[in-house]
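Residue-level listing of the chains:
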Amino acid sequence: QSPLRMTVGDNLRRKPPHIAIVPSSGMGHLTPFLRLAAMLASRGCTITLITANPTVSAAESTHISAFFSAHPRINRLEFEIIPYSPPIPPPTTLSSSNSKQLIAPFESETIHALNNGRVLSCLPPVHPIGPLDPYELEKGPRLPWLDDQSVGSVVYISFGSKTAMSKDQIRELANGLEISRCAFLWVLKTRKVDTDDNEELQEVLEESFLERTKNRGIVVKEWVKQEEILAHPAIGGFVSHCGWNSVTEAARHGVPVLAWPQVGDQRANAEVVERAGLGVWVREWGWGVERLVRGEEIGEKVRVMMSDRELRSRAREVGEEARTAWGVNGSSEKALMGVIDGLKT
Ligand code: UDP
Ligand code: UDP
């Protein structure tokens, strides 16, 4: 029975569904699935979350344990992974994580094509329910250093949970941040998997850089609460690899993005950023390790992004659209309730 043809009474009598949720490995998959699990559970659904065991990173196991402690009503099933030694990896991976969650207005053409059989006639419907709400544990205390910075003055730099840059590129990025003269908060990763990331900051960055910038910037190697950072009024721009979660989080908070895609679907995501008016993509910077981007170029683009008032106001509008989509009667909330209603028994 179509949810549209049901009466309100019918709808109230029917039972909310039991939904199994199976995130793929990696924080970029786990985060949106935990958010979705919490959102569906808070709307009356019974949820079974099936997580892979062992996890790849320490961040995944920490977040999974904390999530289940905070959500005792969500059922847990573990999917045991058989040990596997991969063959030599290909140079790049292709992926299209845009299906994880979709920005409602900022991809309507794509959704229309998918849902109207223009791509394949047998596809199940795609529901545009993003940007997703962070779950309670992601909301942390205020960030003292950020609290002391003026509004819109800090550039936030992060390449997600699994992208490590070369030592040379890290050095150029440090140079660039210094040249930009902007205040910065930089989440630095030197290895793909966090448990291998054992180097101290001083081993990766020159002491003199840390000394010279100590009053202007912060470099961290630990996991941060990115949503909290993007929500902070001091943040005026985001240098991002354009993982899909990062893109939707920047959109949600209306933070301008300087797109620097590295692998997989990030180039397509950078295009979405640009088309939505959320940011700029410097195509000359190339793809992943294709070329070393010099500090002077980085510094210049960061400075321009941080002082571009027009970009800032367009990004703010994107944030407002995201909030409207998520508000009462917004398109995302309606889509999510439509999914739940359609699954009621
Ligand atoms: N993230 C975070 N703190 C960190 C690093 C990452 O909260 O220190 C979160 C970020 O907010 C996003 C996810 O991890 O939700 C990364 O996903 P994304 O799709 O942006 O990139 P990926 O890590 O999959 O390349
Ligand atoms: N995929 C598949 N079968 C599987 C698992 C994955 O066809 O059993 C495909 C999926 O359709 C998608 C890709 O593999 O095209 C995984 O990309 P995604 O962005 O979801 O993951 P990532 O590569 O970013 O970790």
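The structure this text deals with has already been given above.
Nothing here was measured: the structure is a model prediction, and the numbers come from that model.

A. Seen up close, the sheet that holds strand β2 (residues 46-53). Ordered by their spatial adjacency, 3 strands build an open sheet running β1-β2-β3, and the pairing between neighbours is parallel. Where the open sheet ends on each side, the last strands, each with one partner, are β1 (18-21) and β3 (75-80). Neighbour-to-neighbour, the strand axes of this sheet turn through a mean angle of 20°, independent of strand direction. Examined bridge by bridge, β1 and β2 share 4 bridges and lie parallel to one another. In the strand pairing of β2, I21 is matched with L49.

B. A look at the sheet that holds strand β8 (residues 257-259). Strand order in this open sheet of 6 strands is β6-β5-β4-β7-β8-β9, and the pairing throughout is parallel. Sheet topology places β6 (217-220) and β9 (279-281) at the edges, where each strand pairs with a single neighbour. Across the sheet, the mean angle separating the axes of adjacent strands is 15° when strand polarity is ignored. Lying over the sheet, helix α11 (residues 266-276) contacts β8 and β9, oriented at roughly 135° with respect to β9.

C. Here's a closer look at the packing of helix α2 (residues 27-41) against helix α3 (residues 58-70). Look at α2 against α3: their axes get within 10 Å of each other, and the N-to-C directions meet at 10°. It follows from the interaxial angle that α2 and α3 lie roughly parallel. When α2 is examined against α3, the residues M27, L30, L34, A37 and A38 are found in contact with a partner set consisting of A59, E60, H63, I64 and F67. Its residues assigned to classes, the contact of α2 with α3 comprises 8 nonpolar, 1 polar and 1 charged.

D. Examining the state of the cysteines more closely. Evaluated as defined, the whole model comprises 0 disulfides. Free of any disulfide, C242 has its nearest cysteine sulfur in C182, 18 Å distant. By relative accessible area, which is 0% here, C242 ends up buried.

E. Local environment of the side chain of E227. Relative to the assigned elements, E227 resides in helix α9 (residues 226-231). Setting aside residues no more than four positions away along its own chain, E227 makes contact with R35, L132, P134, E249, R252 and H253.

F. The arrangement of the site of ligand 1 in detail. Taken together, 14 residues lie around ligand 1, and S161, V224, N245, S246 and E249 are the ones closest in. One of the backbone N or O atoms of V224 is found 2.6 Å from a nitrogen atom in ligand 1. Between Q226 and ligand 1, the recorded distance is 3.2 Å, taken from a side-chain N or O atom to an oxygen atom. Mapped by element, the contributors of at least two residues to the shell around ligand 1 are α2 and α10 (244-253). Broken down by element, the shell around ligand 1 gets its largest block of residues, 4 residues, from α10. Of the residues that constitute the shell around ligand 1, the class distribution is 3 nonpolar, 9 polar and 2 charged.

G. Structural detail: the nonpolar core. Counting 31 residues, the largest nonpolar core has L146, V154, Y156, V257 and L278 as its most contacted members. Other than its neighbours up to four places away in sequence, V154 contacts W145, L146, Q149, A183, F184, L185, A234, I235, G236, G237 and M306. I157, M165, A174 and V282 belong to the second-largest nonpolar core, a separate cluster that totals 29 residues.

H. How the structure looks around the pairing of strand β4 (residues 154-158). Buried residues dominate β4, accounting for 5 of its 5 residues. Of the two faces of β4, the one carrying V154, Y156 and S158 and the one carrying V155 and I157 are both buried. Bridge analysis of β4 against strand β5 (residues 183-187) gives 4 bridges, and the strand direction is parallel. Bridged to I157 within β5 is W186. Handedness of the crossover joining β4 and β5 through helix α6 (residues 167-180): right-handed. Direction of pairing for β4 relative to strand β7 (residues 235-240): parallel, over a ladder of 5 bridges. Its bridge partner being in β7, V154 is matched across the sheet by I235.

I. Structural view of the environment of S246. Relative to the helices and strands, S246 is located in helix α10. Relative accessible area serves as the criterion here: at 7%, S246 is assigned to the buried category. Between the C-alpha atom of S246 and that of A164, which follows or precedes it by 82 residues, the distance is 16 Å. For S246, the residues in contact, after removing those within four places along its chain, are Q226, F238, S240 and H241.

J. Representation of helix α13 (residues 309-326). With 18 residues, α13 should cover 26 Å at 1.5 Å per step; its first-to-last C-alpha distance of 26 Å lies within 8% of that length. Buried positions along α13 lie against α2, α10, α11, β9, α12 (295-307) and α14 (331-343). Capping the start of α13 is the job of one residue whose side-chain oxygen sits 3.1 Å from the backbone nitrogen of E310: D308.

K. Region of interest: the pattern of salt bridges. According to the stated counting rule, one finds 19 salt bridges in the structure shown. Notably, a salt bridge pairs E310 with R314, separated by 3.5 Å at the nearest N-O pair. On the criterion of helical spacing, the pair formed by E310 and R314 is a turn pair, its members being 4 residues apart in helix α13. For R314, a relative accessible area of 34% gives the class partly exposed. Taken together, the shared-partner salt bridges connect R35, D133, E138, E227, E249 and R252 into one network.

Rules used throughout
- Residues numbered from 1 in each chain as written.
- Chains lettered and ligands numbered in written order.
- Predicted model: local features only at pLDDT ≥ 70, side-chain atom pairs only at ≥ 80, totals over all residues.
- Heavy atoms only, no water.
- Pairing = 2+ DSSP bridges.
- Helix = DSSP H or I, 4+ residues; strand = E, 2+ residues; numbered from the N terminus.
- Axes fitted to C-alpha atoms, helices over the stretch in contact; angles between N-to-C directions.
- Contact = heavy atoms within 4.5 Å.
- Parallel < 35°, antiparallel > 145°, perpendicular 65-115°, else oblique.
- Nonpolar A, V, L, I, M, F, W, Y, C, P; charged D, E, K, R; others polar.
- Disulfide = S-S within 2.5 Å.
- Buried < 20%, exposed > 50% of the residue type's maximum accessible area, 1.4 Å probe, protein only.
- Near = heavy atom within 4 Å.
- Polar contact = N/O pair within 3.5 Å; in protein donor to acceptor, adjacent residues only side chain to side chain.
- Core = buried A, V, L, I, M, F, W, Y, C linked by side-chain atoms within 4.5 Å.
- Right-handed = clockwise from strand over helix to strand, strands pointing away.
- Expected span 1.5 Å × (residues − 1).
- Salt bridge = Lys/Arg side-chain N within 4 Å of Asp/Glu carboxyl O.

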